Each structure stands twice: as C-alpha cells, then as structure tokens.
Amino acid sequence: MDLSQKLVDALLSRLFHDLISPVSATVNGVELIEEFGAESLGSEGVGADALQLVGSSARQASARLSFFRVAYGGGGSTDDHTLEAARDLARAYLDTRKTGFRFEEGRDLNSIRPRAGGVKVLLAAISLAADCLPRGGDVIVELGQDGGAKVIASGTGARIEEAARESLAAPVNSEYVDTRSVVASALAASAARFSLPIKLSADRDTVSFEFGLPLT
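Below is a short write-up of the structure. (Residues numbered from 1 in each chain as written. Predicted model: local features only at pLDDT ≥ 70, side-chain atom pairs only at ≥ 80, totals over all residues. Heavy atoms only, no water.)

1. Quick look at the overall build of the protein
Then step 1. In terms of regular secondary structure, the protein is built from six helices and five strands.
Then step 2. With respect to the three principal axes, the spread of C-alpha positions in the protein is 60 × 45 × 35 Å.
Then step 3. Out of the 216 residues belonging to the protein, those deemed buried represent 45%.
Then step 4. Intrachain contacts of the protein at a sequence separation of at least 6 include 68% that bridge at least 24 residues.
Then step 5. Taken as two groups, the 22 positive and 29 negative side-chain charges of the protein have centres that lie 6 Å from each other. (Helix = DSSP H or I, 4+ residues; strand = E, 2+ residues; numbered from the N terminus. Buried < 20%, exposed > 50% of the residue type's maximum accessible area, 1.4 Å probe, protein only. Contact = heavy atoms within 4.5 Å. Lys, Arg positive; Asp, Glu negative; His and termini not counted. Charge placed at Lys NZ, Arg CZ, Asp CG, Glu CD.)

2. Side note on the sheet that holds strand β4 (residues 199–203)
Then step 1. The mixed open sheet is built from five strands, whose spatial order is β1-β2-β3-β5-β4. Looking at strand neighbours, the two that pair on one side only are β1 (100–103) and β4, the edges of this open sheet. Strand-to-strand twist of the sheet, defined as the mean angle between neighbouring strand axes without regard to direction, takes the value 15°.
Then step 2. Across seven bridges, the pairing between strand β3 (residues 148–154) and strand β5 (residues 206–212) is antiparallel. Residue pairing in the sheet places Ala-149 in a bridge with Phe-211 of β5. (Pairing = 2+ DSSP bridges. Axes fitted to C-alpha atoms, helices over the stretch in contact; angles between N-to-C directions.)

3. Brief notes about the environment of Thr-26
Then step 1. Tracing the chain through its elements places Thr-26 in helix α1 (residues 3–36).
Then step 2. Residue class for Thr-26 comes out buried when judged on its relative accessible area of 19%.
Then step 3. In the structure, Thr-26 is positioned 112 residues away from Asp-138 in sequence and 28 Å away in space, judged by C-alpha atoms.
Then step 4. In this structure Thr-26 touches Val-54, Ser-57 and Ala-58, once residues within four positions along its chain are discounted.

4. Brief notes about the packing of aromatic side chains
Here a ring pair, both rings aromatic, is described through the centre-centre distance and the interplanar angle of the planes.
Then step 1. Considering all chains together, one arrives at five aromatic pairs under this definition.
Then step 2. Geometrically, the ring pair formed by Phe-67 and Phe-68 is edge-to-face, given 6.2 Å between the ring centres and 70° between the ring planes.
Then step 3. Here Phe-67 falls in the buried class, since its relative accessible area comes to 0%.
Then step 4. Note on Phe-68: relative accessible area 6%, which makes it buried. (Phe/Tyr/Trp six-rings, centres within 6.5 Å; stacked < 30°, edge-to-face > 60°.)

5. Section: the pattern of salt bridges
Then step 1. The tally for this structure, following the rule as stated, stands at nine salt bridges.
Then step 2. One salt bridge connects Arg-87 with Glu-84, and the closest N-O pair in it is separated by 3.8 Å. Taken together, the residues Arg-87 and Glu-84, both in helix α3 (residues 83–96) and three residues apart, mark about one turn of the helix.
Then step 3. When its relative accessible area of 12% is taken as the criterion, Arg-87 is described as buried. (Salt bridge = Lys/Arg side-chain N within 4 Å of Asp/Glu carboxyl O.)

6. Examining a nonpolar patch on the surface
Then step 1. Nonpolar side chains collect at one region of the surface, where Val-8, Leu-12 and Phe-16 lie side by side and expose about 280 Å² of accessible area between them.
Then step 2. Locating Phe-16 in the fold gives a position in helix α1.
Then step 3. Classification of Phe-16 as exposed rests on a relative accessible area of 53%. (Patch = residues over 30% accessible without salt bridge, like charges linked within 9 Å, V, L, I, M, F, W, Y side chains within 5 Å. Areas by Shrake-Rupley, 256 points an atom, 1.4 Å probe, with all protein chains shown as cover.)

7. Let's talk about the nonpolar core
Then step 1. Among the nonpolar cores identified, the biggest contains 54 residues, and Tyr-72, Leu-122, Leu-123, Ile-126, Val-139 and Val-151 are the most heavily contacted of them.
Then step 2. Leaving out residues up to four positions away in the same chain, Leu-122 has contacts with Leu-83, Ala-86, Phe-103, Val-141, Val-151 and Phe-211. (Core = buried A, V, L, I, M, F, W, Y, C linked by side-chain atoms within 4.5 Å.)

8. What to know about the packing of helix α4 (residues 118–131) against helix α6 (residues 182–193)
Then step 1. The contact between α4 and α6 brings their axes to 9 Å, and the two run at 155°. Here α6 runs roughly antiparallel to α4, going by the angle between their axes. As α4 packs across α6, the resulting crossing turns out to be left-handed. The segment α4 lies against α6, with Lys-120, Val-121, Ala-124, Ala-125, Ser-127, Leu-128 and Asp-131 engaging Val-183, Ala-184, Leu-187, Ser-190, Ala-191 and Arg-193. (Parallel < 35°, antiparallel > 145°, perpendicular 65-115°, else oblique. Left-handed = near helix turned anticlockwise from the far one by under 90°.)

Structure, rendered in structure tokens:
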C-alpha cells in the first residue's frame, strides 16, 4: 500500500471513529422513541430524555462534520472562510471534545480572511493540539501582528506523541502513518501543500504549533 492510500485509510478511520459515538447515540434515542411511542414525548419521562439525547447527539455530529469538512476536506482549500468562521467551527468542535478554547479577541475576525488553505491548516493544528491534551485543558489561538498564528495546547500532562511528532516532521514517511498520528500527517501534508511550514515546540504542560497565516 502506498503512502497516499495509507494516509487516506488512516484519516477516514480516525474521522469515522470520532463520528460513530454521536451518530450511535442519535440512533439509540430514535429507537427509544419508537419503542415507547410518540405519546412519550412529553416534558418528562423516557421520551423526553430520548428526544434530548437525539438533539444533543445530532448537534455534536453536525459540529464535528462541519469542522472535518474544512479541516480535512475540500472546504478548507479556498479563501472563502474568515477567521470568525474558523473560530466558530473550532469552538463547536472542541466543545464536543470537552476541551476549553480561547481565540484571540479584540479584532474584527469577520474581516480577516486567510489566503487559500490557511483556515484548513489552522483547524488541523487545532485538532492536533486537542490530541495533545490527554487529561484535558485548553486550546489557545494567538495571532501575530504580521499574520502569523500560534496554536497552543495547555493542560496537565500536555504532550505530543512521538509518532505524531515524527509524522509532523516527515509526512512522507509511511512508517508513522496510523490512526494515532494521522492528524499530524494530515496537518503536515496541508502545510506543505500551501507552503505554510509548522514550527513545533513543547515544554512542561504545553505544546505549540506556529506557522505563517498570510491574509488575502
């Protein structure tokens, strides 16, 4: 199997893994409603709980799909997305992962539009940062005055797995492509494609990814 096929397989496996939980919960809620009937959909009881489960799970699946479409799909390959749109996608996605999120405020983010691929790289870096928080914590996005960006994972025990570190440094090396490191591989591939090299740094309880974010 060549690298491109291995990367696609690993990335799809990872995305499906992240989607199966909310989709399965939605199905479970629908099955409960079917079992107990429409008359159970009052303000209390099994039907109400099932309806709440369906709603929350469907919103979670939608947030993840919307994020994945831009971070890993063709939706992020253009300059159609503003930083405000990127922030909103990231916030909704990280909320499904119960991860804190801070995005630099004080600017009109709706008027800032990175060039083609910039938002794609930004969201992929945010996803990898979340992976670096095994005990939870915050993902922080800082914007430089020159258009640069830094994505920081901050939390107890924050670290980047060795396979992900190697994938980020050498995305063409298929030895490191698996479901644990594929987010780093996808980030590295996008960064190379759009000429936005990633600088990795790690310290006690923090991991950061820094890259240029040219604006149109």
